[in-house]
Amino acid sequence: MTKTGAQILWECLVREGVTDVFGYPGGAILPAYDALLEYPIRHVLVRHEQGATHMADGYARASGRVGVAIATSGPGATNMVTGIATAMMDSSPLVCITGQVGSRLIGSDAFQETDITGVTLPITKHNYLVTSAEQIAPAVREAFHVARSGRPGPVLLDITKDAQQSRAEFDWDGAAPRRATGRPLPPLDRDAVERAADLINAAERPLILAGRGVILSDAMSLLRTFAEHADVPVAMTLLGIGGFPASHPLNLGMMGMHGEAWVNAAIQEADLLLAFGMRFDDRVTGNLKTYAQGARKIHIDIDPAEIGKNVPVDIGIVADLATALDALQPLVVHQHHRPWRQRIADEKRDAAVRDIKNLPDDGHLYAAHVVHDLWRVTGGDAVIVTDVGQHQMWEAQYYHHEQARSLITSGGLGTMGFALPAAIGAKIARPDAEVWAVVGDGGFQMTLAELATIAQEQLAINVAIINNGYLGMVRQWQEFFYEKRYAATPLHNPDFVKLAEAYGLTARRVSIRRDVVPAVEDARRQRGAMIIDFQVEQEDSVYPMVPAGADLHQMIRRPSPIVETALD
Ligand SMILES: Cc1cc2nc3c(=O)[nH]c(=O)nc-3n(C[C@H](O)[C@H](O)[C@H](O)COP(=O)(O)OP(=O)(O)OC[C@H]3O[C@@H](n4cnc5c(N)ncnc54)[C@H](O)[C@@H]3O)c2cc1C
Ligand SMILES: Cc1ncc(C[n+]2csc(CCOP(=O)(O)OP(=O)(O)O)c2C)c(N)n1
Ligand SMILES: [Mg+2]
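K.L.:
Help me get a handle on the pairing of strand β17 (residues 435-440), residues and values and all.
P.N.:
Counting buried positions over the six residues of β17 gives six, a clear majority of the element. Burial of β17 is two-sided: the residues Val435, Ala437 and Val439 facing one way and the residues Trp436, Val438 and Gly440 facing the other way are all buried. Bridge analysis of strand β15 (residues 383-386) against β17 gives four bridges, and the strand direction is parallel. What sits directly across from Val385, in β17, is Ala437. Pairing between β17 and strand β18 (residues 461-467): six bridges, direction parallel. Its bridge partner being in β18, Ala437 is matched across the sheet by Val463.

Structure follows, in structure tokens:
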């Protein structure tokens, strides 16, 4: 039976298990939109195509399924670029579908023509220009395969208008991906696994560096068994948070630029680092020349390009983490590292004195208090989607995540504007989850048009705006490294409560500490969305901090005793 290319597109999406897509229509994708009405797929109409890609990304990160975004050619497609690059940096599986001008018009500067496969070449795992209806089914099937296999990532399908309109034979089975896509994984290197076990068994000060690969590999319980068996403390990257329960006695917290001081000290003192599904980002290592000089290093990663890329390692194992841990576990002896764990615990004590959440209520509202109370009230079980900046780091420090996929944040690209749309995607993927967007006053304004999407779709998403009146993270750099010359960082904000109300959403303002818990509880009781404008201390900074490129152990610590307000 023949179908139009547009029908084949949706038919394939349904068969790939797609139930929700995020998009925005226009001329070159109109045939696909027309056919959409015949298929059981929920289409979420966004307010900007960047929002569609972040929603698809939030959907993928929250659920592990492939997220789908759809847009027209030209400006619709280019508006997707930031979202695609965001997904690429954090290995998020997306299929982005764009309409393209008619195949005979390609190259003629036709209306709304952009070479989007050219534009997105470096920021997609793979992309396709599809110019006939016959090519659609094989391209869609391969796109899904590529997006979700190996190290996941975004794939773009650019489909010409005539390919959507013309008819072709639909053959699902005949369209199965044929050629081996990407480099197939080599067989597990058993010799390397044995050598790794020897190093682990001999180590006195071992440390696990758990990254996003733990979550992508679904290796949470294997990691836990391994860490307990070998008695190895676990530090996490920003994107690894949730891969190991925060309340577990072996959990140390986050490493890196804004990681915990005792974690970075432990990395510098360790005699063995076990890097599991993390890529030694520069926010994680600081100065590479002085990074963990006394430690042997074992790196397990699914992507061979990551082994030895930034940090030379003694043993590199290219494998899915779960497979590698399965093989490693029986070779590792059960042991205890009490003196090592005690050493780290001693370091922790000093940090507690400097911890702002222990400051008695002095009338000021600190962002750390807001996040800490949000964690207490939600019991650590909410899905928190953060934007980028100081609030993102305070969330990582003060919200203690027990579950994988419960922190969704843009790590590699650090895309402001990510949180609000990504929270929409997360809520649609997991309607029963409690979803909070924790956003800065700056980043919120980059994509706040999606409040209309929340209202139209009647989504019960709570939004905590950490409103410090500044592009806070940049202000902090100006304070520390540019002599407090606050060029272009103070923000004159609109009334966020009135703004949310204009979208038909419930909103309130909180500016003192004792109002935080009632506001969070109220938001949880509400049936719909709630936007809370938390007016926090304006000139607080995120501590500790490793200045970019500095040695990991040379952190700027919060001045102790803690006294730092805008009034001082
Ligand atoms: C303002 C700001 C500040 C930041 N500060 C910090 C900080 O202080 N500390 C910090 O940690 N980060 C920080 N980041 C985030 C940082 O930039 C990186 O995004 C983050 O460190 C990357 O973590 P990752 O390597 O675990 O994840 P990814 O970058 O997602 O890498 C995952 C790795 O796992 C591998 N992998 C994927 N699937 C599998 C599998 N199945 N099996 C095995 N391996 C797999 C991949 O190949 C990849 O190498 C900050 C970001 C921002 C925006
Ligand atoms: C799209 C984009 N533009 C610029 C930046 C650089 N940047 C990183 S953090 C930050 C400030 C964020 O301010 P805000 O959203 O108010 O959050 P805060 O740091 O105050 O918590 C800026 C401008 C970025 N990460 N993303
Ligand atoms: Mg701000």
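K.L.:
An account of the sheet that holds strand β13 (residues 296-301) is needed here, citing residue identities and associated values.
P.N.:
What the six strands build is an open sheet, ordered β11-β10-β9-β12-β13-β14; its pairing is parallel. Of all the strands in the sheet, just β11 (251-254) and β14 (315-318) have a single pairing partner and so form its edges. For this sheet the average axis-to-axis angle between neighbouring strands, irrespective of direction, equals 15 degrees. Here strand β9 (residues 206-210) pairs with strand β10 (residues 234-236) via three bridges, running parallel. Residue Leu209 lies in a different strand from β10, and its bridge partner there is Ala235.

K.L.:
Run through the coordination of the magnesium ion (ligand 3), naming residues and quoting values.
P.N.:
Taken together, Asp441 (OD), Asn468 (OD1) and Tyr470 (O) make up the protein donors of the magnesium ion (ligand 3), found 2.1 to 2.2 Å from the metal. Look at where the donors of the magnesium ion (ligand 3) fall in the sequence and you get D-x26-N-x1-Y. Here the residue Asp441 occupies a position in helix α19 (residues 441-447), and Asn468 occupies one in the loop between β18 and α21 (472-481), the gap between them amounting to 27 residues. Judged by relative accessible area, which is 6%, Asn468 ranks as buried.

K.L.:
Describe α21, naming the residues involved and giving the relevant values.
P.N.:
Because the α-helix completes a turn every 3.6 residues, residues three or four places apart line up on one side. Listed as buried for α21 are Gly472, Met473, Arg475, Gln476, Gln478 and Glu479. If you follow the buried residues of α21, they end up packed against α17 (390-398). Trailing α21 by a residue or two, Glu483 shows a phi angle of about 50 degrees, which is positive.

K.L.:
Break down the site of ligand 2 for me, citing the residues and quoting the values.
P.N.:
Neighbouring ligand 2 are 17 residues; Gln390, Gly414, Asp441, Gly443 and Gly472 lie closest to it. Asp441 is positioned with one of its side-chain polar atoms (N or O) 2.8 Å from an oxygen atom of ligand 2. Take Tyr470: an N or O atom from its main chain is 3.0 Å from an oxygen atom of ligand 2. For ligand 2, whose accessible area on its own is 580 Å², the fraction buried by protein is 76%.

K.L.:
If you had to explain the site of ligand 1 to someone new, which residues and values would you point to?
P.N.:
Close to ligand 1 lie 37 residues; Thr237, Met255, Arg279, Asp301 and Asp320 are nearest. Within the backbone of His258, an N or O atom sits 2.8 Å from an oxygen atom of ligand 1. In the complex, the protein chains occlude 96% of the 1,000 Å² of accessible area that ligand 1 would expose alone. Within the residue set of the shell around ligand 1, elements represented by two or more residues are α10 (212-216), α13 (282-285) and α17. If you tally residues by element for the shell around ligand 1, the top one is α10, at three residues. The residue makeup of the shell around ligand 1, split by class, is 14 nonpolar, 13 polar and 10 charged.

K.L.:
Would you mind going over empty space enclosed by the protein in detail, with residue names and values included?
P.N.:
Evaluation of the coordinates by the stated rule reveals one cavity of 30 Å³ or more. Volume-wise, the largest cavity comes out at about 90 Å³. Arg61, Arg212, Ile215, Leu239, Ile241, Arg405, Leu407, Ile408 and Thr409 together form the lining of the largest cavity. If you list the elements that add at least two residues to the lining of the largest cavity, you get α10 and β16 (407-408). Residues that form the lining of the largest cavity fall into these classes: five nonpolar, one polar and three charged.

Rules used in this analysis
Residues numbered from 1 in each chain as written. Chains lettered and ligands numbered in written order. Predicted model: local features only at pLDDT ≥ 70, side-chain atom pairs only at ≥ 80, totals over all residues. Heavy atoms only, no water. Buried < 20%, exposed > 50% of the residue type's maximum accessible area, 1.4 Å probe, protein only. Helix = DSSP H or I, 4+ residues; strand = E, 2+ residues; numbered from the N terminus. Pairing = 2+ DSSP bridges. Axes fitted to C-alpha atoms, helices over the stretch in contact; angles between N-to-C directions. Donors = N, O, S within 2.8 Å, 3.2 Å for Na, K, Ca; no water. Contact = heavy atoms within 4.5 Å. Near = heavy atom within 4 Å. Polar contact = N/O pair within 3.5 Å; in protein donor to acceptor, adjacent residues only side chain to side chain. Areas by Shrake-Rupley, 256 points an atom, 1.4 Å probe, with all protein chains shown as cover. Nonpolar A, V, L, I, M, F, W, Y, C, P; charged D, E, K, R; others polar. 1 Å grid on protein atoms, 1.4 Å probe; cavity = no way out; pocket = protein on both sides within 12 Å on 5 of 7 lines; lining within 4 Å. Points joined across faces, edges and corners; volume = space filled by probe spheres on them.

None of this, on its own, says anything about what the molecule does.
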